[in-house]
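# Remarks on the overall topology
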Amino acid sequence: MLTPEENELLTRVGPGTPCGDFLRRYWHPIAAASELTDEKPKMRLRILGEDLVLYRAADGTYGLLAEQCSHRGASLYYGFLEDGGIRCPYHGWLYDTEGRCVEQPFEPQQSLLKHTVRHPAYPVEKLSGFLWAYMGPQPAPLLPRWDILVDQGGIRRLEIRPVLNCNWLQAEENTGDVTHTYFLHAYTMATKGRADQGGGFGRPLQRYGFQPFKWGILKSWTYTGDRGGSGWGNLLVYPNMLRLGGAMHWRVPIDDGHTKILRVEYFPPGKAPRGAQAGETSSDGEPPLTYEAGWLDDQGEYHLDTFSSQDGMAWETQGAIFDRTKEHLGASDTGIVLLRKMLMDGIKAVQEGREPMGLVRDPEENERIDLEQWMAERDLPLGVEDPRNESRIPREQVFDNRHQQVEISAGTARIGVVEALARATAATMRAR
Ligand code: FES
Ligand SMILES: [Fe+2]
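My aim in this report is to walk through the structure given alongside it, one point at a time. (Residues numbered from 1 in each chain as written. Chains lettered and ligands numbered in written order. Predicted model: local features only at pLDDT ≥ 70, side-chain atom pairs only at ≥ 80, totals over all residues. Heavy atoms only, no water.)

A few words now on the pattern of salt bridges. Tallied over the full model, the rule gives 36 salt bridges. We note a salt bridge from Glu8 to Arg12, for which the minimum N-O separation is 3.1 Å. Classification of Arg12 as partly exposed rests on a relative accessible area of 29%. For Lys348, the salt bridge identified is with Glu352, shortest N-O distance 3.6 Å. Residue class for Glu352 comes out partly exposed when judged on its relative accessible area of 47%. Several salt bridges converge on common partners, so that one network encompasses Asp147, Arg243, Glu372 and Arg392. (Salt bridge = Lys/Arg side-chain N within 4 Å of Asp/Glu carboxyl O. Buried < 20%, exposed > 50% of the residue type's maximum accessible area, 1.4 Å probe, protein only.)

Here it is, written out as structure tokens:
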């Protein structure tokens, strides 16, 4: 449980808020490069509570500026792209990508006014088909080159999800939540007669755990039954990411009550899904982008047919900003407590003029940041030693005395969703 002040601290992301200042120390993906075209080279965006216009100039450079003109506030979205900059549609002030006002057509020649104007503008980089923005103070850290963003030769796909109508932290806390997968995903799928689509999360769970690691928190699990096994991974990458298999998700705050979720998935050579073409790209040469279909059915209810509709339901129904003064945390929430502590540490570091964790400044390290090495290759059957893939970090080096594990002694989670559902159904029939 948090105090009202702590809840505010972790959820408010606008300019000048402690968490907003903290999150601005990281690069965030804001759009797919393929969303800007010759026909439509501009788009409006709201990121971290700021209204912005993103554009691609004729020379291929990108600009990201506050949407409202510094003169008298008209929208630069309707502006004219010119010479790498953008000209306000109202009185023609021209801004460059760094927010300098380079022309004010109606001011006297000797006027110094334009030198007094510095319009908010942020650097943009392109990587892996996404455009990334850095909205914090200089010197900016490096844009992290996570393995799946830079590996070559396989197939990469981009996805942007429907706008999440709630605060970013609800989505990120879910990444520290290893047990939600049993009911929210596997059991829900089983109730729809699709137990086989529960992603293995419906197996009887014996133990789960949390381990801080260099880039955030990793989770561990042990399943029993025919397909039992233990593994680790499903990384919470600090501060607002998830790494699951070959995919990464970013939860980018739009504002306090809305979040943009962007996802990259990479299939190495030889591991492409059926029907995929090697080197598949969209017509402009970028990885193909899909917008995920909505999470609601035609009655306006969550259809719960996909993992993301299920997660979206859980996160949005917590409220626009979940009131954490009312929660009751248990041992299963150990990862959430850990995440909050790490976020508070990061916020404090920024307030005290120190660097929060997870910033990358070493170009050599940033050639390719290997996250996969922190994940077990797969769930290993109990008692079977890992046929170690050399690129992965051995179990004994992944875990240390910070590994917090919880044993499940008895009850529903120990029997697996198929049996649990059968028992619940039988009990319901008996009660009729
Ligand atoms: S409002 Fe933009 S130039 Fe006047
Ligand atoms: Fe989930």
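From this point on, the discussion continues.
So, on to the pairing of strand 13 (residues 216-223). Sheet faces and side chains relate simply in a regular strand, where the side chains alternate between the two faces. The element strand 13 is extensively covered by neighbouring structure, given that 8 of its 8 residues are classed as buried. For strand 12 (residues 205-213) and strand 13, the ladder comprises 8 bridges, and the chain directions are antiparallel. Its bridge partner being in strand 13, Phe213 is matched across the sheet by Gly216. Where strand 12 folds back onto strand 13 in an antiparallel hairpin, the turn is made up of 2 residues. Relative to strand 14 (residues 229-237), strand 13 is paired through 7 bridges, and the arrangement is antiparallel. Along strand 14, the bridge assignment pairs Ser220 with Trp232. Counting the residues in the hairpin turn of strand 13 and strand 14 gives 5 residues, including Gly225, whose phi is positive at 90°. (Helix = DSSP H or I, 4+ residues; strand = E, 2+ residues; numbered from the N terminus. Pairing = 2+ DSSP bridges.)

Further remarks concern the sheet that holds strand 3 (residues 50-56). Spatially, the 3 strands line up as an open sheet ordered 2-3-4, and their pairing is antiparallel. Looking along the sheet, the strands with just one partner apiece sit at the ends: strand 2 (42-47) and strand 4 (62-66). Direction aside, neighbouring strands of the sheet carry axes that sit 25° apart on average. Direction of pairing for strand 3 relative to strand 4: antiparallel, over a ladder of 5 bridges. (Axes fitted to C-alpha atoms, helices over the stretch in contact; angles between N-to-C directions.)

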